[in-house]
Every structure is written in structure tokens, then in C-alpha cells.
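Notes for the structure review
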Amino acid sequence: AQTVTQSQPEMSVQEAETVTLSCTYDTSENNYYLFWYKQPPSRQMILVIRQEAYKQQNATENRFSVNFQKAAKSFSLKISDSQLGDTAMYFCAFMNLYVIDKLIFGTGTRLQVFP
Amino acid sequence: DAGVTQSPTHLIKTRGQQVTLRCSPKSGHDTVSWYQQALGQGPQFIFQYYEEEERQRGNFPDRFSGHQFPNYSSELNVNALLLGDSALYLCASSLGGTGNTDTQYFGPGTRLTVL
């Protein structure tokens, strides 16, 4: 069974600075997706970024980028130029590829961006 | 382009009652997944519907049941409510033909409180 671990319950960063959120996972599969979702106080789970395991290139979406280390089963999220609107819970999630499957979430990291 | 919608936003029930939650998927999506998110936790997969059938189920009792309609909208039913069923219930939609897995997009959730 797959598991996802987020070891940082809470993080804080000053506006305009850079912060990195950590995620590790365990799987015996070779093909899968990894995701970062953001859940602000409004509760809506918003997709931040997606990484396909078969791609060596790290995914980027504007100020958000990942460091995907497949051998180490590590998938960290870097937020550059942090903004107050980035304050939220961030969840790392795993999904099998090519198999009808569900998302497996970590326990989340609460990120606070302060002025 | 309409996103995923859920109703109601909030719901208060008493133990032993039954509840129905509703979800309309994002335009163009045909697969609906339901998740339960307890306070301070990551979402847990309940089940997934495709072509009006439940095609995968998580570790939830039979008190949790669902339905998908021809227009791809879905309902989650919970019978004999327990205090522990209090949670945020999230619906996610995706495009999931046979053997495909695609990114899931979430609705705003329904907050269920059981007294």
C-alpha cells in the first residue's frame, strides 16, 4: 500500500521570501502521479502542481516548483516570492498511473505567510 | 467553465439520522470521487463513480453509499449517522475512461456536523 508523509505540521515564511515544503512517499509502483494541493481557510482544495513520475524534468507553475527525487521517493514544493494569499494548508498526494485509482493524501503542512 | 459544485454548504444532523450530499462535476468530466476530511487531517477516499457504477471503494462501512446519475452528477448517502461522521466531505471530478487516470478537481465541500 502506498503512503504519503509530510513531516512539517507547520511552516512560516515572510512575504517575498522562499519556502520549501517536504513530502516523502512509499510505493512499489513505477508509474504514478504526484500532486500538491492547497486548501485555504475557504476549504476549497486547489491543485497547485502535478508531476508525472516518468518525467525527469521537475514541474513548475509560475512561483511554484517541485524537486522530484524518484529514487529517494521525495517530492518537495518550493514557493518563491511568497504572497499573503499563499497562506493555506498544503497537501501532498499520490495517485497510481494507468490504474483506476484514488488520491492518497499526506496529513498536510500549514503554511503561514506574514508581512 | 463551471467548476465542481457541492450542496449543501453546511449541514447539521443528529445521531442515527440519514444524510444526502450532492455533487455536480466540472464540465466535461465523467468521474466523481468522494473524500472525507476529518478536522486537521488529509482527505480519505470513500468511493469513486464512473458510468453510474461504483468502481472503487475505500475503507468505509456500508452505511456510506452513493449514486451517479446519467448527467454525471453524484450523491453521497450516509445512514445511521455517528458522531465520528462529522467532517468535511469533498467531491472531486475527473475524466476517467477505462484505464485512464487524470487530475482530480475538487468542489468546495460540505461541512457535516453530527450532534
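**Some thoughts on the overall build of chain B**
Helix and strand content of chain B: zero helices and eleven strands. Reading chain B from its N end, one meets helices and strands in the order β-β-β-β-β-β-β-β-β-β-β. Computed over C-alpha atoms, the radius of gyration of chain B comes to 13 Å, within 12% of the 13 Å expected from 2.2 N^0.38 for 115 residues, which places it in the range of a compact globule. When its C-alpha atoms are laid out on the principal axes, chain B stretches across 40 × 30 × 25 Å. Classification of the 115 residues of chain B by burial places 50% in the buried group. Long-range contacts, defined as pairs at least 24 residues apart, comprise 54% of the intrachain contacts of chain B with a sequence gap of at least 6. For chain B, the separation between the mean place of its 8 positive charges and that of its 10 negative charges on side chains is 12 Å.

**Overview of the pattern of salt bridges**
In the structure shown here, the tally under the stated rule is seven salt bridges over all chains. Here A:E52 ties to A:K55 by a salt bridge, and the two come within 3.8 Å at their closest N and O atoms. For the salt bridge of B:D85 with B:R63, the shortest nitrogen-to-oxygen distance reads 2.9 Å. Of this pair, B:D85 sits in the loop between strand 8 (74-78) and strand 9 (87-94) while B:R63 sits in the loop between strand 6 (53-57) and strand 7 (64-68); the two residues are 22 residues apart in sequence, bridging distant segments of the chain. Residue B:D85 is classed as buried on the basis of its relative accessible area, which comes to 4%. In this structure B:R63 comes out as buried when scored by relative accessible area, which is 19%.

**Examining the nonpolar core**
Of all hydrophobic cores here, the largest spans 26 residues; its most connected members are A:Y25, A:W36, A:F75, A:L77 and A:Y90. For this core, the elements supplying multiple residues, two or more each, are strand 3 (19-21), strand 5 (32-39), strand 6 (46-52), strand 8 (64-69), strand 9 (74-79), strand 10 (88-96) and strand 12 (109-114) of chain A. If one sorts the elements of this core by residue count, strand 10 of chain A sits on top with four residues. Apart from the residues lying within four places of it in its own chain, the contact partners of A:F75 are A:L21, A:S22, A:C23, A:Y25, A:L34, A:F35, A:W36, A:Q51, A:V66, A:N67, A:F68 and A:C92. Within the second largest apolar cluster, 20 residues are counted, among which are B:V19, B:C23, B:W34 and B:C91.

**Let's talk about the pairing of strand 6 of chain A**
Residue and element names in this part refer to chain A. When strand 5 meets strand 6, the two strands line up antiparallel, connected through six bridges. Pairing of Y37 across the sheet is with L47, part of strand 6. With antiparallel pairing between neighbouring strands as the criterion, strand 5 and strand 6 make up a hairpin whose turn holds six residues, including R43 at a positive phi of roughly 85°.

**A look at the packing of aromatic side chains**
A complete count under the given rule lists 16 aromatic pairs over all chains for this structure. Centre to centre, the rings of A:F68 and A:F75 are 6.3 Å apart; their planes meet at 80°, and the pair counts as edge-to-face. In this pair, the class of A:F68 matches that of A:F75, namely buried. An angle of 70° between the planes, with centres 5.1 Å apart, marks the rings of B:F60 and B:F64 as edge-to-face. Residue B:F60 shares its accessibility class with B:F64, and that shared class is buried. An aromatic cluster of at least three residues, connected via ring pairs, comprises A:Y33, A:F35, A:Y37, A:F91, A:F105, B:Y35, B:F45 and B:F106. Taking NZ or CZ as reference, A:R50 lies 4.5 Å from the ring centre of A:Y33, over its face.

The rules behind each value
- Residues numbered from 1 in each chain as written.
- Chains lettered and ligands numbered in written order.
- Predicted model: local features only at pLDDT ≥ 70, side-chain atom pairs only at ≥ 80, totals over all residues.
- Heavy atoms only, no water.
- Helix = DSSP H or I, 4+ residues; strand = E, 2+ residues; numbered from the N terminus.
- Rg over C-alpha atoms; globule rule 2.2 N^0.38 Å.
- Buried < 20%, exposed > 50% of the residue type's maximum accessible area, 1.4 Å probe, protein only.
- Contact = heavy atoms within 4.5 Å.
- Lys, Arg positive; Asp, Glu negative; His and termini not counted.
- Charge placed at Lys NZ, Arg CZ, Asp CG, Glu CD.
- Salt bridge = Lys/Arg side-chain N within 4 Å of Asp/Glu carboxyl O.
- Core = buried A, V, L, I, M, F, W, Y, C linked by side-chain atoms within 4.5 Å.
- Pairing = 2+ DSSP bridges.
- Phe/Tyr/Trp six-rings, centres within 6.5 Å; stacked < 30°, edge-to-face > 60°.
- Lys NZ or Arg CZ within 6 Å of the ring centre and 35° of its normal.

Treat this as a map of the structure, not an account of what it does.
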